[in-house]
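If you want the building blocks of each chain, they are given just below.
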Amino acid sequence: MTDKNVLVLGGTGKTGRRVAAGLRDRGAAVRTVSRTSPVRFDWDDPDTWEPALTGADAVYLVDAQDRPGCWDAEQCIGDFAALAVDRGVRRLVLLQARVTDEVGGKLLIAGERAVQESGADWTVLRPNWFFQNFDEGVLLECLRAGELPLPAGEGREPFVDCEDVAAVAVAALLDHGHAGRTYELSGPRALTFAEAVGTIAHATGREIRYTPVTHGDYVDELVCYDVPGDYAVFLADLVGQIRQGKNDTPTDTVRRVLGREPRDFDDFVKDAALRGVWDL
Ligand SMILES: NC(=O)c1ccc[n+]([C@@H]2O[C@H](COP(=O)([O-])OP(=O)(O)OC[C@H]3O[C@@H](n4cnc5c(N)ncnc54)[C@H](OP(=O)(O)O)[C@@H]3O)[C@@H](O)[C@H]2O)c1
């Protein structure tokens, strides 16, 4: 049990919800915030930052990367981290991504220096693509429709369970020994999208397939669905990282931090299929 008081940003999101649950299990006082929470937190509205921070001694920090051109992550996270430290926060755990190249003109690890220079104890999490993109995120609707077109070629990605990312975040927020660490978090195996979708098709008994498409065709397709052009390029570049095998080596970080293996994609798919998430 702990007497820590933790602010969780992105509290409605895939990791934020799980981090909050894990913290509560450990007895921490938790405030989850986002643009839709009773205590509202909006990266675009700095007036909302201070009320959210009231009483917090640690923060799980999720940025809003998905808005190319809309914000300066380093500046924004730096301003927020400075305010947090000034208001008594002593520990910052920042969620970034295991993508060190620029994608769509953006650096997904742009917030790291801001927390490293904040004066608080910091831990950075750089996960691979989440399992939960398949059952609650960006890939779900295509999978339900039976075809997932992506410019990922036959590239491999060691997808990781948000439960494992959240468990590492909880450890970093509450336990000793994680300050000053950057954790690259993956699942146990690197899979192609053809293999991942094949696993889902097998578990559901449905015909669902992965279709490799070109970067250009993918951007054109997204734009047809009214996705803004710069965001379409950002997404295509992000998937292109997988096609190029940029981060395809599994890491042992989950095991080192949690003392157990990360969850396997097959187990995740079995559970999600039982819940009927990919049924029509
Ligand atoms: N998805 C992946 O596979 C993956 C892999 C590695 C790293 N990441 C990183 O994880 C982070 C979150 O991405 P995600 O796709 O998984 O999303 P998510 O955490 O599932 O959802 C985003 C969260 O941020 C909140 N939010 C969005 N815009 C906000 C704003 N302007 N101000 C305050 N809160 C805001 C949303 O809540 P409201 O809508 O209620 O405001 C939601 O709680 C990103 O930094 C991403 O780079 C994702």
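Figured I'd write up the structure that's included with this text.

Conventions and cut-offs
Residues numbered from 1 in each chain as written. Predicted model: local features only at pLDDT ≥ 70, side-chain atom pairs only at ≥ 80, totals over all residues. Heavy atoms only, no water. Core = buried A, V, L, I, M, F, W, Y, C linked by side-chain atoms within 4.5 Å. Buried < 20%, exposed > 50% of the residue type's maximum accessible area, 1.4 Å probe, protein only. Helix = DSSP H or I, 4+ residues; strand = E, 2+ residues; numbered from the N terminus. Contact = heavy atoms within 4.5 Å. Axes fitted to C-alpha atoms, helices over the stretch in contact; angles between N-to-C directions. Parallel < 35°, antiparallel > 145°, perpendicular 65-115°, else oblique. Left-handed = near helix turned anticlockwise from the far one by under 90°. Nonpolar A, V, L, I, M, F, W, Y, C, P; charged D, E, K, R; others polar. Phe/Tyr/Trp six-rings, centres within 6.5 Å; stacked < 30°, edge-to-face > 60°. Expected span 1.5 Å × (residues − 1). Polar contact = N/O pair within 3.5 Å; in protein donor to acceptor, adjacent residues only side chain to side chain. Near = heavy atom within 4 Å.

Attention now goes to the nonpolar core. By size, the foremost hydrophobic cluster in this structure holds 40 residues, and its most contacted members are F134, L143, L150, F193, F265 and W278. With 7 residues, the single largest contributor to this core is helix 9 (residues 229-243). Look past the residues within four positions of L150 in its chain and what remains in contact with it is L139, F193, Y210, T211, P212, V213, Y218 and V239.

Let us now look at the packing of helix 7 (residues 193-204) against helix 11 (residues 265-274). Running from N to C, helix 7 and helix 11 cross one another at 40°; their axes reach a closest spacing of 9 Å. Here helix 7 lies oblique to helix 11, going by the angle between them. Both helix 7 and helix 11 take part in a crossing whose hand is right-handed. Together, A196, T199, I200, A203 and T204 of helix 7 and F265, D266, V269 and A273 of helix 11 make up the contact between the two elements. Of the residues that constitute the contact of helix 7 with helix 11, the class distribution is 6 nonpolar, 2 polar and 1 charged.

Moving on, we get to the packing of aromatic side chains. Tallying each qualifying case throughout the model produces 18 aromatic pairs. Both rings, one in F131 and one in F265, keep their centres 5.3 Å apart while their planes meet at 80°; by these two values the pair is edge-to-face. With a gap of 134 residues between them, F131 in the loop between strand 7 (121-127) and helix 5 (140-145) and F265 in helix 11 connect regions that are remote in the sequence. This pair shows no difference in class: F131 is buried, exactly as F265 is. An angle of 80° between the planes, with centres 6.3 Å apart, marks the rings of F268 and W278 as edge-to-face. Remark: W278 occurs in the segment after helix 11 and F268 occurs in helix 11; sequence separation between them is 10 residues. Ring pairing ties together the aromatic residues W129, F131, F134, F159, F193, Y210, F265, F268 and W278, which thus form one cluster.

With that settled, the discussion passes to unusual backbone geometry. A positive phi is found at D226, a non-glycine position, where the angle reads about 70°. Within the element layout of this structure, D226 appears in the loop between helix 8 (215-224) and helix 9.

Further remarks concern helix 6 (residues 162-174). Relative to the 18 Å expected for 13 residues at 1.5 Å per residue, helix 6 spans 18 Å between its end C-alpha atoms, a close match to the ideal helical length. Extensive coverage of helix 6 is indicated by the burial of 11 of its 13 residues. For helix 6, the set of buried residues is C162, D164, V165, A166, V168, A169, V170, A171, A172, L173 and L174. For helix 6, the N-terminal capping position is held by D161, with its side-chain oxygen 2.8 Å away from the main-chain nitrogen of E163.

Let us now look at helix 9. Taking 1.5 Å per residue, 15 residues should reach 21 Å; helix 9 reaches 21 Å between its end C-alpha atoms and fits that length. Within the span of helix 9, buried status applies to A232, F234, L235, A236, L238, V239, G240, Q241 and I242. Those residues of helix 9 that are buried are in contact with strand 5 (102-103), strand 6 (106-107), strand 8 (147-150), strand 9 (156-157), helix 7 and helix 8. Residue G245 follows helix 9 closely and has a positive phi angle near 65°.

This part takes up the environment of A166. Its location among the elements puts A166 in helix 6. Counting along the chain gives 152 residues from A166 to K14, while the straight-line C-alpha distance between them is 9.1 Å.

Axis angle and axis distance: for two packed helices, these are the angle between their axes and the distance between the axes, and together they describe the pair. Where helix 1 (residues 16-25) contacts helix 6, the two axes come as close as 8 Å, and the packing angle between them is 50°. Relative to helix 6, helix 1 is oriented oblique. Here the hand of the crossing between helix 1 and helix 6 comes out right-handed. Where helix 1 approaches helix 6, its residues R18, V19, G22 and L23 are matched on the opposing element by C162, E163, A166, A169, V170, L173 and L174. Here the residues of the contact of helix 1 with helix 6 are counted per class, giving 8 nonpolar, 1 polar and 2 charged.

Right, let's get into the site of the ligand. Neighbouring residues of the ligand: 23 residues in total, closest T12, S34, R35, T36 and N133. Backbone polar atom of K14 to an oxygen atom of the ligand: 2.9 Å apart, as the coordinates give it. D42 is positioned with one of its side-chain polar atoms (N or O) 3.3 Å from a nitrogen atom of the ligand. Looking at the shell around the ligand, its residues break down into 9 nonpolar, 10 polar and 4 charged.

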